[in-house]
Amino acid sequence: MAREAGVHGWCPYTFDRTKHYLIVWGDECVSRIALREDSLPQTGHDPSLDTYAFMLKEWLTTGEMHEVPFMLKDVSAFDRSVLATLAKVPHGYVTSYGAIARALGIRSPRAVGQALKRNPLPLIYPCHRVVSSDCGLGGFSAGTDLKTHLLVREGACADDGTVRRDRMFHDL
DNA sequence: CGAACGGCCAAAC
DNA sequence: GTTTGGCCGTTCG
């Protein structure tokens, strides 16, 4: 995470008995979020975004999510198209890197993976709902443990963390 | 400019 | 089960 400038809010949350931080970038609207295990950035704190950070913490811990203002900034056309396709995957379902690539008419699932890694708004654009085509977990920028945790709670993974085949969503 | 690198995948042993 | 060759947007030199 190279750029620290412009950080406006953060909120601690607990996952797996370890303290994590949810960090929010943005001015009027949130333009970027990061989930962090390590220390807080030493930048100014904007209390107006604490509400947003708190909502995301609630979502992480209880699954409650309300409408929030957000916007995409500094995102390439390709990344936007990936995110737009991703947004169709409903709660409780998963899709694959290859399925997104096919929906976009390209033949490079890996390019899709690269774009998801750059997702500026994790959770809002649910990149945790993308797994490999053989129902393996795939990766996650904030750590695969958190990815599994989210998918189990959404019902797309069984309690043992394996992806449920019948939760593959194909209609993109 | 070029080269290398992925959160991958389908086909083939 | 494992290996292989291709994929393509981005990043870095």
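Everything quoted here is computed from the prediction, not taken from an experiment.

**Q** Explain the protein's contact with DNA strand C to me, and be specific about the residues and the numbers.
**A** Taken together, Ser 76, Phe 78, Asp 79, Arg 107, Ser 108, Arg 110, Ala 111 and Arg 118 make up all the residues around DNA strand C. Within 4 Å of the protein, the atoms of DNA strand C are drawn from sugar and phosphate moieties in a proportion of 84%. The contact in question runs from a sugar or linking oxygen of DNA strand C to an N or O atom on the backbone of Arg 107, over 3.4 Å. Within the side chain of Ser 108, a nitrogen or oxygen atom sits 3.3 Å from a sugar or linking oxygen of DNA strand C. Looking at the surface near DNA strand C, the elements with two or more residues in it are helix H2 (77–86) and helix H4 (109–117). Grouping the constituent residues of the surface near DNA strand C by class yields two nonpolar, two polar and four charged.

**Q** Run through the domain arrangement of chain A, naming residues and quoting values.
**A** Examined at the domain level, chain A breaks down into domain 1 (7–62) and domain 2 (77–167). Tallying the contact residues gives 14 residues for domain 1 and 13 residues for domain 2. Considering only the side of domain 1, the residues that lose the most area to domain 2 are Phe 15, Leu 35 and Trp 59, jointly responsible for 49% of the buried surface there. Run the count over domain 1 and domain 2 and you get zero salt bridges. Listing elements by their share of the side of domain 1 that touches domain 2, those giving two or more residues are strand S1 (7–15), strand S3 (30–36) and helix H1 (50–62). No other element matches the six residues that H1 contributes to the side of domain 1 that touches domain 2.

**Q** Talk me through the protein's contact with DNA strand B; I want residue IDs and the actual numbers.
**A** The environment of DNA strand B is made up of 17 residues, and the closest members are Tyr 97, Gln 114, Leu 116, Lys 117 and Cys 127. Here the atoms of DNA strand B within 4 Å of the protein split so that 47% fall in sugar or phosphate, with bases taking the remainder. Within the side chain of Arg 110, one N or O atom sits 3.2 Å away from a base nitrogen of DNA strand B. At 2.8 Å, a backbone N or O of Cys 127 approaches a base nitrogen of DNA strand B. Mapped onto the surface near DNA strand B, the elements with two or more residues apiece are helix H3 (97–104) and H4. Residue contributions to the surface near DNA strand B peak at six residues, all from H4.

**Q** How would you explain the pairing of S3 if you had to name every residue and give the values?
**A** The buried fraction of S3 amounts to seven of the seven residues, a majority that puts the element mostly inside the structure. Where strand S2 (residues 18–26) meets S3, six bridges bridge the pair, whose relative direction is antiparallel. Of the residues in S3, the one forming a bridge with Gly 26 is Val 30.

Definitions and cut-offs
Residues numbered from 1 in each chain as written. Chains lettered and ligands numbered in written order. Predicted model: local features only at pLDDT ≥ 70, side-chain atom pairs only at ≥ 80, totals over all residues. Heavy atoms only, no water. Near = heavy atom within 4 Å. Polar contact = N/O pair within 3.5 Å; in protein donor to acceptor, adjacent residues only side chain to side chain. Helix = DSSP H or I, 4+ residues; strand = E, 2+ residues; numbered from the N terminus. Nonpolar A, V, L, I, M, F, W, Y, C, P; charged D, E, K, R; others polar. Domains from an automatic or database assignment. Contact = heavy atoms within 4.5 Å. Buried area = accessible area lost by both parts, 1.4 Å probe. Salt bridge = Lys/Arg side-chain N within 4 Å of Asp/Glu carboxyl O. Buried < 20%, exposed > 50% of the residue type's maximum accessible area, 1.4 Å probe, protein only. Pairing = 2+ DSSP bridges.

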